[in-house]
Amino acid sequence: MPMTTDPARPFGRVLTAMITPLVEDGSIDLAGAQELAAHLVDRDAHDGLVVMGTTGESPTISDAEQRAVLEAVLDAVGDRATVVAGVGTNDTAHSIEKARDAERLGAHGLLVVTPYYNRPSQAGLLRHFTAVADATDLPVMLYDIPPRSIVPIEVETLVRLAEHPRIVAVKDAKGDLGAVAWTLARTDLAYYSGEDMLNLPLLAVGAVGMVSVVGHLVGPRLAELAAAVESGDLVKARSVNESLLPVYSGVMGGGQGVMMVKAALNALGRPAGPVRPPLVDATPEQVTKLRADLAAGGVAL
């Protein structure tokens, strides 16, 4: 399996939370998923892909469809990129079942989001994440995103979870740099930025990479940003980051990131298609603004 040999960066440096391409009737475009995955890996400097995260519209993709997409992406790029399967739900038993399915299909790692809607305690989070990590032999990336889950994974909980041999990383979308710094100081967890606007500050605090939405459009520049921080060239890093600000704002500021990324990919002629309800596709006015934002960031639609 093409996992990185660097234990400090267990899933690579630049990963994208990949959309799930659909055809116009809303069904899954498996060939499109393979084409997009290959483009991201072979032409856009990606070390890996996260399949069936939030940007993959996992809440509205059935388990059978998710298995089919994961299998298709693994077949397309699994020999040369790390493929991480989003398996987290707000039901521990269901998450375990999905984790075991992903392992059987050959996924290289698991993304496990904080259970949403039922608002578990920190003790509940500890039990949930541990149970999922115990269920397979795959490395686990926790996904800490209170804007969607309400409940943050507190530093003390992360410290305890880091003791598990297979819980090796965190995708952070909590927006709390102090908590990240404390967790990095007290554990050996690898941090990945899960909020594109905070890519630079998270890298500067000690993140090793990113799981990006805008990576669909600017993967090589994200790799350049990460490399600049790693080499200590913060002047260059700030310059690259500044050039990316309109891209961050255009994709993440205009509505759901998946909606805007699909609009951009459709305009570029790449596999994307519509979103599934309850999400709605970008309006013509939103697409016009997206084009202007992306143009300001050096991406022509």
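In this text the structure is predicted, and so the values were computed from the model without any measurement. (Residues numbered from 1 in each chain as written. Predicted model: local features only at pLDDT ≥ 70, side-chain atom pairs only at ≥ 80, totals over all residues. Heavy atoms only, no water.)

A. The arrangement of the packing of aromatic side chains in detail. Inspection of every chain in the model, using the stated rule, returns one aromatic pair. Look at Phe11 and Tyr192: their rings are 6.3 Å apart centre to centre, the planes differ by 65°, and that puts the pair in the edge-to-face class. Of this pair, Phe11 sits in the segment before β1 (14–17) while Tyr192 sits in strand β7 (residues 190–193), placing them 181 residues apart in sequence. Residue Phe11 is classed as buried on the basis of its relative accessible area of 0%. We classify Tyr192 as buried; its relative accessible area is 1%. The ring of Tyr143 has Lys171 sitting right over it, with the charged end atom 4.0 Å from the ring centre. (Phe/Tyr/Trp six-rings, centres within 6.5 Å; stacked < 30°, edge-to-face > 60°. Helix = DSSP H or I, 4+ residues; strand = E, 2+ residues; numbered from the N terminus. Buried < 20%, exposed > 50% of the residue type's maximum accessible area, 1.4 Å probe, protein only. Lys NZ or Arg CZ within 6 Å of the ring centre and 35° of its normal.)

B. Spotlight on the pattern of salt bridges. If you walk through the whole model with that rule in mind, you get 15 salt bridges. Between Lys174 and Asp144 there is a salt bridge whose closest N-O contact spans 2.7 Å. Taken together, the residues Lys174 in the loop between β6 (167–172) and α7 (177–186) and Asp144 in strand β5 (residues 140–144) connect sequence positions 30 residues apart. Lys174 sits in the buried class, given a relative accessible area of 18%. The shortest N-O distance in the salt bridge between Glu224 and Lys236 comes to 3.6 Å. (Salt bridge = Lys/Arg side-chain N within 4 Å of Asp/Glu carboxyl O.)

C. Just the UniProt feature "binding site: pyruvate" (unreviewed entry) in the protein, in detail. According to UniProt, the feature "binding site: pyruvate" (unreviewed entry) maps to Thr55 and Val211 in the numbering used here. Taken along the chain, the residues just named run across 157 residues; in space they keep tight, none of their C-alpha pairs more than 10.7 Å apart. The class for Thr55 is buried, based on a relative accessible area of 10%. Excluding its chain neighbours within four sequence positions, the residues that come into contact with Thr55 are Ala17, Met18, Ile19, Thr20, Val213, His216 and Val258. Among the secondary structure elements, Val211 is positioned in strand β8 (residues 209–212). The class of Val211 is buried, set by a relative accessible area of 2%. (UniProt positions renumbered as here; feature names shortened; annotations may be inferred. Contact = heavy atoms within 4.5 Å.)

D. A look at the UniProt feature "active site" (unreviewed entry) in the protein. Taking the numbering used here, the UniProt-annotated feature "active site" (unreviewed entry) corresponds to Tyr143 and Lys171. The annotated residues occupy 29 residues of the chain but converge on a single region, no pair of C-alpha atoms lying more than 4.7 Å apart. Of note, Tyr143 is situated in strand β5. The exposure class assigned to Tyr143 is buried, which follows from its relative accessible area of 6%. Not counting residues up to four positions away in its chain, the partners in contact with Tyr143 are Thr54, Leu111, Val112, Val113, Thr114, Ile153, Lys171 and Ala173. Looking at where Lys171 falls in the secondary structure, it is placed in strand β6. We classify Lys171 as buried; its relative accessible area is 5%. In this structure, Lys171 is in contact with Ala17, Leu111, Met141, Leu142, Tyr143, Asp144, Tyr192, Gly194 and Val211, ignoring residues within four places of it in sequence. Within the structure, Lys171 has its side chain in polar contact with the side chain of Tyr143 (distance 3.4 Å). (Polar contact = N/O pair within 3.5 Å; in protein donor to acceptor, adjacent residues only side chain to side chain.)

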